[in-house]
Amino acid sequence: MTQPFYVSPEQLMRDRADFARKGIARGRSVVVLCFDAGIALVADNPSRALHKVSEIYDRVAFAAVGKYNEFENLRVAGVRYADLRGYSYDRADVTARGLANAYAQTLGSVFTTESKPLEVEIVVAEVGTSAEDDQIYRLTYDGSVADERGAVVIGGAADALAGVLADGWRPDLSLAAALALARRVLASDPAAPASGPVRELGPGTLEVAVLERGLPRRSFRRVGGELLERLLSEQDPTSDVPPSPDVLAPDAAPGHPGLPADAPARPDGS
Amino acid sequence: MPATPAPPPGGQPGRLPAPFLVPGGSSFTDFVGSHDPSLLPAGRPLPVGSLAPGLEPPHATTIVALTYPGGVVMAGDRRATAGSMIAHREIEKVFPADAHSCVGIAGTAGIAVEMVRLFQVELEHFEKIEGSVLSLDGKANRLSTMVRGNLGLALQGLAVVPLFAGYDLAGRRGRIFSYDVTGGRYEERGHHSVGSGSVFARGALKKLHRPTQGVDDAVATAVEALHDAADDDSATGGSDLVRGIYPVVAVVDEAGYRRVPEDALADVVRDLLDARTAGSREARRQPTGEVAP
């Protein structure tokens, strides 16, 4: 009769953590940072179809690094969680904190009970009515949650790049300045982050989305194509996204196509 | 309410239950059905029998829709009735389904509003999971499934009959779909109306609808058809000038759904009533005149 080898719990957890960390570090980074009119999510991702940043709900967005199939599965679970909650209660009752808790429990439970931890790192961001209400949660493969302020970088050599991001970030950045900072962080050499960008990251290799502050309904918007080119260009004066198109916030009926409570604007502004 | 994930049998407490993590499947209704069917309208068994006469639930009434070259206009009156009583004066029966479509409801108001809520989530859910928007035919078919799911209640007298309209981004035109209680889906040409006043509204639409008219004329036609329905059907409300209550009018074109603001509607209604008042005065002055009141 064979006896299984004894492996100490410390060793077991360390091995799993090393395994997950290596998988996550192989990928490219994602930066999530607040700017003066919302939250920008910027990924170093040349694909137009396989997204690393996505919409979860009205004011909640998702960004992830690691294995695509694993974080895609979590993203879908997040959309289901948010839609079910919004349907059962009200749209206002879907929060990033609730979703971050559900993710943390899931990641933690997989980490301790299953043979392979999830090789993912996730950011759940919620744009608030003012900059103080913005929330950014960073979740790691073992289910630990960090409540980040202002700006965060995950994946790749995140530890090395965090310093560059923290040095450059201010709460009153315009969108163009925030994107320039994110691009500088993503293009830096992890071995010598202070020496400046070593790669050229153009609009074609960046996936950018924003959560706009102050919209009554869906605030998630992808920024791409010509608008992203203009925002990234140093010569072009464009520094902010133009106001949402009429579809999202018609002048006559404010807000994204509303739900049953979609009342028209009254002339007296009430 | 199990909106917060309940601990699955044998699983870790707090962890997202298995149905949340099943790959594939972009339908919200299918997901809720696998997770907790009691949250769906069709998932709640009802006892047999019918409602006592005094408990009759509010009914929502007339909806009209018509196309114009750039899109489609849908309008609904604001009255809900329970028997011969007015249950509500300001109910809204025309809702945006998503950015490029709208849905109007006639029938049992409570069930209809729940169906619309589910339909809205269904479309948004698909859009978020798939990253693309359903085709207009796809949306119309989803609604068809929901109406069919309500057949049991319809047989007990709690029917819901929606009217669906939207801008077809592929075909670049407005389209209208009507339904029957069994979920049958029919595309309508030009215009359609549903609800208790629909007979009168349809007569008006037949005379007033010009396929080539612009959006402002289309809005005026929709409002006029509703007023004609309210004239003859006690369950359809006209405009309430005393309280400032006007029909809900939605326009869906290439730019998306938008609701016509109330001050613009007030002008449309005033012009309509002025024209009819003048016509009626003229008719009284010349008893042989041909102007209808």
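Residues numbered from 1 in each chain as written. Chains lettered and ligands numbered in written order. Predicted model: local features only at pLDDT ≥ 70, side-chain atom pairs only at ≥ 80, totals over all residues.

### Quick notes on the overall build of chain A
And step 1. For chain A, the helix and strand inventory stands at 6 helices and 10 strands.
And step 2. Here chain A holds 270 residues, and the buried ones make up 47% of them.
And step 3. In chain A, of all internal contacts separated by at least 6 residues, the share reaching a separation of at least 24 is 64%. (Helix = DSSP H or I, 4+ residues; strand = E, 2+ residues; numbered from the N terminus. Buried ≥ 20, exposed ≤ 12 C-beta atoms within 10 Å, placed from the backbone. Contact = placed C-beta atoms within 7 Å.)

### Observations concerning the environment of Ala43 of chain A
Residues and elements named next belong to chain A.
And step 1. When you line up the elements, Ala43 lands in strand 2 (residues 38-44).
And step 2. Along the chain, Ala43 and Gly86 lie 43 residues apart, while their C-alpha atoms are 28 Å from each other.
And step 3. In contact with Ala43, not counting residues within four places along its chain, are Val30, Lys52, Val53, Ala63 and Glu207.

### Some remarks on the UniProt feature "active site" (unreviewed entry) in chain B
Residues and elements named next belong to chain B.
And step 1. The UniProt entry lists Thr61 under the feature "active site" (unreviewed entry), expressed in the numbering used here.
And step 2. Judged by the 30 C-beta atoms lying within 10 Å of it, Thr61 is buried.
And step 3. Here Thr61 is in contact with Asp77, Arg79, Thr81, Ala106, Gly195, Ser196, Gly197, Ala235 and Thr236, once residues within four sequence places are set aside. (UniProt positions renumbered as here; feature names shortened; annotations may be inferred.)

### Thoughts on the environment of Tyr246 of chain B
Residue and element names in this part refer to chain B.
And step 1. The residue Tyr246 is located in the loop between helix 7 (215-232) and strand 12 (248-253) in this model.
And step 2. Judged by C-beta crowding, with 25 C-beta atoms within 10 Å, Tyr246 ranks as buried.
And step 3. Setting aside residues no more than four positions away along its own chain, Tyr246 makes contact with Ser239, Glu262, Leu265, Ala266 and Val269.

### Looking at the packing of helix 2 (residues 68-88) of chain A against helix 3 (residues 109-130) of chain B
And step 1. At a closest axis distance of 11 Å, the pairing of helix 2 of chain A and helix 3 of chain B adopts a crossing angle of 165°. In terms of their interaxial angle, helix 2 of chain A and helix 3 of chain B are classed as roughly antiparallel. Taken as a pair, helix 2 of chain A and helix 3 of chain B cross one another with a handedness that is right-handed. Note on element contacts: helix 3 of chain B touches helix 2 of chain A through Arg117, Val121, His125, Lys128 and Ile129 of chain B, opposite Val76, Val79, Asp83 and Tyr87 of chain A.
And step 2. Of the residues in the contact of helix 2 of chain A with helix 3 of chain B, the class split is 5 nonpolar, 1 polar and 3 charged. (Axes fitted to C-alpha atoms, helices over the stretch in contact; angles between N-to-C directions. Parallel < 35°, antiparallel > 145°, perpendicular 65-115°, else oblique. Left-handed = near helix turned anticlockwise from the far one by under 90°. Nonpolar A, V, L, I, M, F, W, Y, C, P; charged D, E, K, R; others polar.)

### Regarding the sheet that holds strand 12 of chain B
Within a sheet, neighbouring strands are paired by backbone hydrogen bonds and run either parallel or antiparallel to one another.
Residue and element names in this part refer to chain B.
And step 1. Taken in spatial order, the 5 strands line up as 11-2-3-12-13 in an open sheet, and their pairing is antiparallel. Among the strands making up the open sheet, the edge pair consists of strand 11 (191-194) and strand 13 (256-259). With strand direction ignored, the average angle separating the axes of adjacent strands in the sheet is 15°.
And step 2. In this structure, strand 2 (residues 63-68) lies alongside strand 3 (residues 71-76), joined through 6 bridges in antiparallel fashion. Residue Ile63 lies in a different strand from strand 3, and its bridge partner there is Gly76.
And step 3. Most of the contacts of helix 6 (residues 198-208) go to strand 11, to which it runs at about 165°, and overall it touches strand 2 and strand 11. (Pairing = 2+ DSSP bridges.)

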